[in-house]
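Below, each chain spelled out in residue letters.
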Amino acid sequence: MAFHELHHRELPLVLPNAWDVPSALAFLDAGFEAIGTTSLGVASSMGRPDGGRATKAANILLARALSRLPCFISVDIEDGYADEPDAVADYTADLDAAGINIEDSSAERLIGPEAHAAKVAAVKRRRPDLFVNARVDTYWLRQEATVDATLDRAALYVEAGADGIFVPGVSDPAVLRELARSIPVPLNVLAIPGLSPADLASLGVRRVSTGSLPYRAAIRAAADAARAVREGRALPEATPYPQVQAGLEGFERQAR
């Protein structure tokens with residue numbers, strides 16, 4: 001089954017977002033057949049904030065490492081790490097991945113939709129096989145956060161060759177239904193509290209990303225574990241050390 005096909009089943013593709021090899025191995029062990037990356041998790045692991053193009057080199061290395069896994073990999077490349085469409089296409093040419101997520105904002109501001117469409121078109125010319133998930137940040141940034149503005153941007157990206165449209169920040173079922181009805185390629189949203197994959201499928205959503213949620217949950221869990229030791233409370237459940245070690249040893253053997 002191709003990565004594209006995972007977006008056309010009865011239930012939406014649930015895509016967990018990893019930030020390193022162990023997190024990806026954990027998702028693989030949990031039975032996920034496709035794994036994305038989170039720019040916040042990758043940037044934060046380097047001590048850098050999200051969205052500043054800090055993950056450019058790290059994502060090349062991470063994608064190369066994760067490409068050994070028996071699953072599809074989709075990489076969050078922020079805004080493509082460049083303003084020039086050909087530079088973005090050059091970057092994706094070296095990316096070992098089945099898909100990318102590329103957002104239409106830079107430095108927390110929407111960019112012109114024509115400029116983002118040009119990036120999408122350049123990538124598809126260079127990598128026609130790559131699933132390009134074009135992210136529309138209208139609702140995420142609360143800039144031009146209307147259905148019409150979002151659909152106008154999505155239409156340009158689809159015309160440029162986008163294989164999917166990602167609209168993070170939307171949780172209103174009526175808005176989701178309208179977006180899914182009007183966008184002719186699979187609609188991707190972030191996980192929404194209270195709406196299961198089946199609920200989202202009924203609204204027309206075809207892909208659900210966890211985004212940075214697992215990374216942020218891991219940070220909280222780590223701090224809670226340390227506090228439990230300090231306070232003499234019962235220690236939380238954790239993946240056994242031998243299991244983590246065995247997974248990494250197996251991963252290392254694949255590289256030889």
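This report concerns the structure included in the present document. (Residues numbered from 1 in each chain as written. Predicted model: local features only at pLDDT ≥ 70, side-chain atom pairs only at ≥ 80, totals over all residues. Heavy atoms only, no water.)

### As for the pairing of strand β5 (residues 99–103)
Phase 1 of the analysis: With five of five residues buried, β5 is to be regarded as a mostly interior element.
Phase 2 of the analysis: By the alternation rule, side chains of β5 split into Gly 99, Asn 101 and Glu 103 and Ile 100 and Ile 102, which are all buried.
Phase 3 of the analysis: What joins strand β4 (residues 72–76) to β5 is helix α4 (residues 85–93), and the crossover it makes is right-handed.
Phase 4 of the analysis: Strand direction decides the pairing type here: β5 and strand β8 (residues 131–135), joined by five bridges, are parallel. The partner of Asn 101 across the bridge, within β8, is Asn 133. (Buried < 20%, exposed > 50% of the residue type's maximum accessible area, 1.4 Å probe, protein only. Helix = DSSP H or I, 4+ residues; strand = E, 2+ residues; numbered from the N terminus. Right-handed = clockwise from strand over helix to strand, strands pointing away. Pairing = 2+ DSSP bridges.)

### Describing the packing of aromatic side chains
Where two aromatic rings form a pair, the distance of their centres and the angle of their planes describe that pair.
Phase 1 of the analysis: The full count for this structure, using the stated rule, is five aromatic pairs.
Phase 2 of the analysis: The interplanar angle of 75° and the centroid separation of 5.4 Å between the aromatic rings of Phe 3 and Phe 131 together place this pair among those described as edge-to-face. You can see Phe 3 sitting in the segment before β1 (13–15) and its partner Phe 131 sitting in strand β8, a full 128 residues away along the chain. The two residues Phe 3 and Phe 131 agree in class, both being buried.
Phase 3 of the analysis: Here the aromatic rings of Tyr 81 and Tyr 91 are separated by 5.0 Å at their centres, their planes lie at 70°, and the arrangement is edge-to-face. Of this pair, Tyr 81 sits in the loop between β4 and α4 while Tyr 91 sits in helix α4, and the two are ten residues apart along the sequence. Tyr 91 matches Tyr 81 in its accessibility class, with the two residues each being buried.
Phase 4 of the analysis: By the ring-pair criterion, three or more aromatic residues cluster together here, those being Phe 3, Phe 72 and Phe 131. (Phe/Tyr/Trp six-rings, centres within 6.5 Å; stacked < 30°, edge-to-face > 60°.)

### What to know about the packing of helix α7 (residues 147–159) against helix α8 (residues 173–182)
Axes are the key here: two packed helices are described by the angle between their axes and the distance separating the axes.
Phase 1 of the analysis: Contact geometry of α7 with α8 gives a least axis separation of 11 Å together with a crossing angle of 30°. Relative to α8, α7 is oriented roughly parallel. Both α7 and α8 take part in a crossing whose hand is right-handed. Residues Val 147, Thr 150 and Leu 151 of α7 lie in contact with α8, whose contacting residues are Val 175, Glu 178, Leu 179 and Ser 182. (Axes fitted to C-alpha atoms, helices over the stretch in contact; angles between N-to-C directions. Parallel < 35°, antiparallel > 145°, perpendicular 65-115°, else oblique. Left-handed = near helix turned anticlockwise from the far one by under 90°. Contact = heavy atoms within 4.5 Å.)

### Comments concerning the side chain of Asp 137
Phase 1 of the analysis: Assignment of secondary structure puts Asp 137 in the loop between β8 and α6 (138–141).
Phase 2 of the analysis: Of note is the side chain of Asp 137, whose polar atom sits 2.5 Å from the side chain of Arg 135.
Phase 3 of the analysis: If we ignore the near neighbours within four places in the chain, the residues touching Asp 137 are Glu 103, Asp 104, Ser 105, Leu 110, Arg 142 and Pro 168. (Polar contact = N/O pair within 3.5 Å; in protein donor to acceptor, adjacent residues only side chain to side chain.)

### Here's the deal with the sheet that holds strand β3 (residues 34–37)
Sheet strands pair via backbone hydrogen bonds, and the direction of the pair is either parallel or antiparallel.
Phase 1 of the analysis: Pairing is parallel in the open sheet, where nine strands are placed in the order β1-β11-β10-β9-β8-β5-β4-β3-β2. The sheet terminates laterally at β1 and β2 (17–18), the two strands that pair on one side only.
Phase 2 of the analysis: Inspection of the sheet shows β2 paired to β3 by two bridges, in the parallel sense. Bridging across to β3, Asn 17 finds its partner in Gly 36.

### Looking at the environment of Asp 76
Phase 1 of the analysis: With respect to the secondary-structure elements, Asp 76 resides in strand β4.
Phase 2 of the analysis: The class for Asp 76 is buried, based on a relative accessible area of 8%.
Phase 3 of the analysis: Each C-alpha atom of the pair Asp 76 and Gly 211 lies 9.6 Å from the other, and the pair is 135 residues apart in sequence.
Phase 4 of the analysis: Excluding residues that lie within four positions of it along the chain, Asp 76 makes contacts with Thr 37, Thr 38, Ser 39, Asn 59, Tyr 81, Asn 101 and Glu 103.
Phase 5 of the analysis: A polar contact is formed between the side chain of Asp 76 and the side chain of Ser 39, at a distance of 3.2 Å.

Everything listed here is a matter of coordinates, which is why it stays silent on function.
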